[in-house]
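Listed below, chain by chain, are the residues.
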Amino acid sequence: MASTDDRREAREAKLDELHEKLTEAVDQLVSGEDWAKAIAFAARFRSRSFNNTLLIWMQHTAAHEAGLVPDPMPSYVAGYKQWQQLGHQVEKGQPGYQILAPVTGRFASSSPSDPTSWRRLNRYEKPRPGEQVRSKMVGVRPAYVWDAAQTSGDPVPEPPTPKLLQGEAPSGLRDGIVQQIEAAGFQVHGVAHAGLIYGANGVTDYAEKTVSVRENMDPAAQVKTLAHELAHVLMHGPDQGDARQHRGIGEVEAESVALMVGAAHGMDTTVYTIPYVSTWAAQVDGEEPSKIVRATGERVRATAMKILDQLDTQLTGDGTPPGLDRESTRHSSKVVERTGVSPSTRATAASHQVALADARGLR
């Protein structure tokens, strides 16, 4: 049988290989033409306030009831000229959705720390020498946006979305992960649906010391989510300042750990993990997504190994061919040395052992 050290070395090698494949997959995804179009498309839209979201929702619902749009749920909305920039044209007869657009003014001050020193600049007025200039909202005005369904043009590019895992989870894996979460001082709670945890599949609350996972998913998806949250527990607590600087990096790390833990048990989580990781990696300002994934490699592998070492579950193979007893192979070579055969015979036996190791991929 392979020794514990051999199995650990083989497992580490497999985790390194898996992380490299994840990096390559993310790199291919985010560097692809479809992803680039989707990101460019999304980047041109301004975020909407809560009030404007409600206004859009109400007017889109009315448009749907009137038969003007096919889907009751709004998708993308943009102004008339914005749609033209994206190669779309608002169709004739489609009413715009009225929203409140901010009106901003320019203010200047030679003493910025004094709130009373700021004066509003006229439209073409320039600041005086030494003055600082700021813009702030001074009011609102009516504006109009249109939903994608109200326009004609090329299909709107959609970034890939994670797909929940289906089916059963490996035997004992859920219990093993829950035990590690509880050993870290956290309680695990199941919730009925995502609406109870901010629309997420799982949430780790460091203040309350709880991990919540929604129960209306298949067991495989729940276990993958638990592994993700365990990674947060181990890697991203309040005392982990460096790891908490950007949520995107934390999500990349946690989901990568979940991928490795799942893969070690024969679970393929890539349909969820790769889009999830790439989306979060793309939100780290000033960094290429694939570089973000590569930079997390060592922390991810170490955490995955820590989790796997404490699990009493059936893992996938460690790279040793079935039926091969590596310990007895090593032992037989030592027996040759002790039997008193001639040096030439020992050399021949040793060369056979090397050839056997090479043929079986053990070196």
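Each remark here, short or long, concerns the structure printed above.
Calculation criteria
- Residues numbered from 1 in each chain as written.
- Predicted model: local features only at pLDDT ≥ 70, side-chain atom pairs only at ≥ 80, totals over all residues.
- Heavy atoms only, no water.
- Core = buried A, V, L, I, M, F, W, Y, C linked by side-chain atoms within 4.5 Å.
- Buried < 20%, exposed > 50% of the residue type's maximum accessible area, 1.4 Å probe, protein only.
- Helix = DSSP H or I, 4+ residues; strand = E, 2+ residues; numbered from the N terminus.
- Contact = heavy atoms within 4.5 Å.
- Phe/Tyr/Trp six-rings, centres within 6.5 Å; stacked < 30°, edge-to-face > 60°.
- Lys NZ or Arg CZ within 6 Å of the ring centre and 35° of its normal.

Enquirer: Explain the nonpolar core here, please?
Expert: Counting residues in hydrophobic clusters, the biggest one holds 46 residues, and the most contacted among them are Ile177 and Val261. Elements represented by at least two residues in this core include exactly helix H1 (4–31), helix H5 (173–183), strand S9 (210–214), helix H6 (219–235), helix H7 (247–263), helix H8 (270–281), helix H9 (289–295) and helix H10 (297–309). With nine residues, the single largest contributor to this core is H6. With near-sequence residues (within four places) excluded, Val261 lies in contact with Leu173, Ile177, Ala227, Ile307 and Leu308. Tyr97, Ile99, Ala101 and Val145 belong to the second-largest nonpolar core, a separate cluster that totals nine residues.

Enquirer: Just checking my understanding: could you explain the packing of aromatic side chains for this structure?
Expert: Following the criterion strictly, the structure yields four aromatic pairs and no others. An angle of 25° between the planes, with centres 5.5 Å apart, marks the rings of Tyr272 and Tyr276 as stacked. Remark: Tyr276 and Tyr272 occur in helix H8; sequence separation between them is four residues, near one turn of the helix. In this pair, the class of Tyr272 matches that of Tyr276, namely buried. Ring centres of Tyr276 and Trp280 lie 6.5 Å apart, and the angle between their planes is 50°; on these two criteria the pair is classed as tilted. Taken together, the residues span about one helical turn, with Tyr276 and Trp280 both in helix H8 at a distance of four residues. Judged by its relative accessible area of 15%, Tyr276 is buried. Linked through ring pairs, Tyr272, Tyr276 and Trp280 together constitute an aromatic cluster. A cation over an aromatic ring shows up here: Lys136 above the ring of Phe107, its NZ or CZ 4.8 Å from the ring centre.

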